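Listed here are the chains, written in short residue letters.
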Amino acid sequence: MEAKTLPDWVYKKEEYSPSSDRDFFISRSILRILQILLQVREQPQVQQRTKVQAGGKLVLLFLVILLTTNARTGAFLLLVFAGELVLLCPLPSARLLRIFRLAGAAAFFSFCVLLPSLFWGNQQGFLLLTGKSFLTVTAVALVAETSSWNALTAGLRFFRLPQLFILTLDLALKYIVLLGEISLQMLYALKLRSIGRNRQKSRAVSGVLGNTFLKSKEWSEETWQAMCCRGFTGEYQTSGSALYQGQITCLLCAL
């Protein structure tokens, strides 16, 4: 029996050195999605530390914004700032950093917009409007950092908002988490499979966005079918402690 020999190319050692390429956009997208999911997972801990109901916080927030925007003197703004500092003291450093980043960005934007008025002799209005922007954004961020999202949506009932609007907000928040996890998995897969130089990164990113959109469309249709099967009439009830009675869980059983 004649022995068969393997071709020479089989014995050659393959040396593949892919050209270096940057995946900064993918890594930054992954980190941003992880930050959002981490904030969502911290919501139950925020609700346990909170003693004041979210409805009362929203009413106080509305009053603070109303009085701050109508203030004519800097003394009242200093009083509001002192009260916000007292409320900010118990918060951890990470939450304080997020609050002051948002407030500082709003104040800087107002500073840039109102800078021409400073040269026209309107120094008092320039300082007041910049301070009002900082204080109002700080108040909004403070309420957002000390209250869970579901408690805030439940607190909107005090303002007599339609129940369908509150239901839409709750579903949007839940879908942000679900779609964020799917997008995170696809970005991980894209990063692991990205070998060599890719000059058409936009196609890969558009594929992730397209798949996320199709998945959201599929889930919305399944949620609508689940609502129809369970006889949803548009009435969205919550308990007095801002915890849901399970109706929203039934709506998402199709997932």
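Scroll up a little and you will see the structure.
Below or above, wherever it landed, is the structure these notes cover. Keep in mind it's a predicted model, so treat the numbers as computed, not measured.

In this structure, leucine 142 sits in helix H7 (residues 123–146). Remark: the alpha-carbon pair of leucine 142 and leucine 88, spanning 54 residues in sequence, is separated by 7.5 Å. Here leucine 142 is in contact with Leu87, Leu88, Leu91 and Ile99, once residues within four sequence places are set aside.

What follows concerns the packing of aromatic side chains. Summed over the entire model, instances satisfying the criterion amount to four aromatic pairs. Aromatic pair phenylalanine 81 and phenylalanine 134: ring centres 6.2 Å apart, planes at 55°, arrangement tilted. Of the two residues, phenylalanine 81 sits in helix H5 (residues 74–88) while phenylalanine 134 sits in helix H7, which places them 53 residues apart along the sequence. Ring centres of phenylalanine 100 and phenylalanine 134 lie 6.4 Å apart, and the angle between their planes is 20°; this geometry places the pair in the stacked category. Note that phenylalanine 100 is positioned in helix H6 (residues 93–119) and phenylalanine 134 in helix H7, a separation of 34 residues in sequence. Under the relative-accessibility criterion, phenylalanine 100 is labelled partly exposed at 33%.

Attention shifts here to the packing of helix H4 (residues 54–69) against H7. Packing of H4 against H7 brings their axes to within 10 Å, and their N-to-C directions diverge by 175°. The pairing of H4 with H7 is recorded here as roughly antiparallel in orientation. Every residue of H7 that contacts H4 at Lys57, Leu58, Leu61, Val64, Ile65, Thr68 and Thr69 is listed here: Lys132, Leu135, Thr136, Ala139, Val140, Val143 and Thr146. Broken down by class, the residue content of the contact of H4 with H7 amounts to eight nonpolar, four polar and two charged.

A few words on the packing of H5 against H7. Close contact between H5 and H7 brings their axes to 10 Å; oriented N to C, the two are set at 25°. By the angle between their directions, the pair H5 and H7 is classed as roughly parallel. When the axes of H5 and H7 are compared, the crossing they make is left-handed. Judged by residue contacts, Gly74, Leu77, Val80, Phe81, Glu84, Leu87 and Leu88 of H5 engage Leu128, Lys132, Phe134, Leu135, Thr138, Ala139 and Leu142 from H7. Within the contact of H5 with H7, the residues separate by chemical class into 10 nonpolar, two polar and two charged.

So, about the pattern of salt bridges. Counted under the stated rule, the structure contains four salt bridges. A salt bridge links glutamate 218 to lysine 215; its shortest N-O distance comes to 3.9 Å. Within this pair, glutamate 218 and its partner lysine 215 are both found in helix H10 (residues 201–229), separated by three residues, close to a single helical turn. For glutamate 218, a relative accessible area of 37% translates into the label partly exposed. Notably, a salt bridge pairs glutamate 221 with lysine 217, separated by 2.7 Å at the nearest N-O pair. Of this pair, glutamate 221 and lysine 217 both sit in helix H10, separated by four residues, roughly a single helical turn. What emerges from the salt-bridge pattern is a single network uniting Arg95, Arg98 and Glu145.

The rules behind each value
- Residues numbered from 1 in each chain as written.
- Predicted model: local features only at pLDDT ≥ 70, side-chain atom pairs only at ≥ 80, totals over all residues.
- Heavy atoms only, no water.
- Helix = DSSP H or I, 4+ residues; strand = E, 2+ residues; numbered from the N terminus.
- Contact = heavy atoms within 4.5 Å.
- Phe/Tyr/Trp six-rings, centres within 6.5 Å; stacked < 30°, edge-to-face > 60°.
- Buried < 20%, exposed > 50% of the residue type's maximum accessible area, 1.4 Å probe, protein only.
- Axes fitted to C-alpha atoms, helices over the stretch in contact; angles between N-to-C directions.
- Parallel < 35°, antiparallel > 145°, perpendicular 65-115°, else oblique.
- Nonpolar A, V, L, I, M, F, W, Y, C, P; charged D, E, K, R; others polar.
- Left-handed = near helix turned anticlockwise from the far one by under 90°.
- Salt bridge = Lys/Arg side-chain N within 4 Å of Asp/Glu carboxyl O.

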